[in-house]
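Below are the chains, spelled out letter by letter.
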Amino acid sequence: MKAGADMNIGKTVCVFVLLTITTVTRTAGNKRVSVTVGNSSVLTCPPKSNRTMVTWKISPRVGGPCTLGYRTDQNKTDRTNCSDSMNWKFRPDQDPALEIRQVEIAHEGNYICEVVSTEGNFHTTYHLTVLVPPRLTLYCDDHGNPVCEAVAGKPAARISWVLESSFTPREEGHDNGTVTVVSKFTAYSSNVTNTTCFVSHPAGNQSNSIVCRPSENSFILHASIILCFLSVFTFMAVIYYFKLHGSRPCHKTKPSETAQNRQTLQDDTMEVEPYTTYVQKENIIYNSVSDLTVGQSLPQGLSSAT
């Protein structure tokens, strides 16, 4: 009988322990909190009475974990590896809320508040996200096109233009987790003068307008490029022409042997012709004198036969 009673008592104790374990640990919920960099944030614990101990367990993305604790029975607080920017908002025996002053990107991470009370154990988990508003920059590039930049925002901003345009945003990430977004405005119509850039971001929206005109330097640059291209093309065409046809006027054709002989014969003829003319004239004079002499020496009534 006694042994059976002991077994029943043991079973009752086991059931009680299991029920206690089931009801003691309770989750108050997981919450997401966003705060803008430079502001303060207050995180609360489960509102339970008869608290005996409160512990904040903090796991930031940058740096090691830290804890803040309070024990009611000793009325004592302690902190381990926590910066001065993290502390109790009020007296922890009255309100164990945690305050983060001057929030920075390094504070982003998970924050868990664990409360031990006579009702059981409770905890609330916060996932803290730090927002960094981008810096809006609007200017005209060298070609007279408006360029909008959302510099170092977290998360990345979204850029749009009030007027209809064709644009492709470009993103550039930074080591601290921020992102710069750049968008160039290309209007469908050349009559557009005033353009407005609109930046959307969870930390707040921004807008700005600018008037851009086509740059004269851009026109001069394009004209110079075209002229340079035409000059190079013309120069290459001239070189190609002389390379193809330039050998003909520079080299004389060697005369053939027949032409050389003909030239020599002409030269010889020019040298002989004066002498032949002279001989013919001498012969005519000689014949005339001879006829005259013979006529005078013949008897009267006879004439020379020529």
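Shown above is the structure to which this text applies.
Conventions we followed
- Residues numbered from 1 in each chain as written.
- Predicted model: local features only at pLDDT ≥ 70, side-chain atom pairs only at ≥ 80, totals over all residues.
- Heavy atoms only, no water.
- Disulfide = S-S within 2.5 Å.
- Helix = DSSP H or I, 4+ residues; strand = E, 2+ residues; numbered from the N terminus.
- Buried < 20%, exposed > 50% of the residue type's maximum accessible area, 1.4 Å probe, protein only.
- Pairing = 2+ DSSP bridges.
- Axes fitted to C-alpha atoms, helices over the stretch in contact; angles between N-to-C directions.
- Patch = residues over 30% accessible without salt bridge, like charges linked within 9 Å, V, L, I, M, F, W, Y side chains within 5 Å.
- Areas by Shrake-Rupley, 256 points an atom, 1.4 Å probe, with all protein chains shown as cover.
- Salt bridge = Lys/Arg side-chain N within 4 Å of Asp/Glu carboxyl O.
- Polar contact = N/O pair within 3.5 Å; in protein donor to acceptor, adjacent residues only side chain to side chain.
- Contact = heavy atoms within 4.5 Å.

Considering the state of the cysteines
Thinking step 1. In this structure the tally under the stated criterion is four disulfides.
Thinking step 2. With a sulfur-sulfur separation of 1.8 Å, Cys-45 is cross-linked through a disulfide to Cys-113. Since a negative S-S torsion denotes a left-handed disulfide, the Cys-45-Cys-113 link at about 105° is right-handed. On the criterion of sequence distance, the pair formed by Cys-45 in the loop between strand 2 (41–43) and strand 3 (51–60) and Cys-113 in strand 8 (residues 109–117) is long-range, its members being 68 residues apart.
Thinking step 3. When its relative accessible area of 10% is taken as the criterion, Cys-45 is described as buried.
Thinking step 4. Between Cys-148 and Cys-197 runs a disulfide, and the two sulfur atoms are separated by 1.9 Å.

Section: the sheet that holds strand 13 (residues 170–173)
Thinking step 1. Judged by pairing direction, the sheet is antiparallel, and its four strands sit side by side in the order 10-11-14-13 without closing on themselves. The open sheet has two edge strands with one neighbour each: strand 10 (135–140) and strand 13. Sheet twist, expressed as the average angle between the axes of neighbouring strands with direction ignored, equals 15°.

Thoughts on the sheet that holds strand 12 (residues 158–161)
Thinking step 1. The strand order across the open sheet formed by three strands is 12-15-16, and the pairing between neighbours is antiparallel. The two strands at the open ends of the sheet, each matched to only one other strand, are strand 12 and strand 16 (206–211). Sheet twist, expressed as the average angle between the axes of neighbouring strands with direction ignored, equals 20°.
Thinking step 2. Where strand 15 (residues 194–200) lies against strand 16, six bridges are found, and the strand directions are antiparallel. Directly across from Asn-194, in strand 16, lies its bridge partner Val-211.

Here we look at a nonpolar patch on the surface
Thinking step 1. A contiguous nonpolar surface patch, about 570 Å² in accessible area, is contributed by Ile-226, Leu-227, Phe-229, Leu-230 and Phe-233.
Thinking step 2. Within the fold, Leu-230 resides in helix 2 (residues 216–245).
Thinking step 3. Overall, the relative accessible area of 45% leaves Leu-230 in the partly exposed class.

So, the side chain of Thr-180
Thinking step 1. By the element assignment, Thr-180 lies in strand 14 (residues 179–184).
Thinking step 2. Judged by its relative accessible area of 7%, Thr-180 is buried.
Thinking step 3. Engagement of the side chain of Thr-180 in a polar contact is seen with the backbone nitrogen of Ala-152, the distance being 3.1 Å.
Thinking step 4. Not counting residues within four places of it along the chain, the set of residues in contact with Thr-180 comprises Ala-150, Val-151, Ala-152, Arg-170, Glu-171, Glu-172 and His-174.

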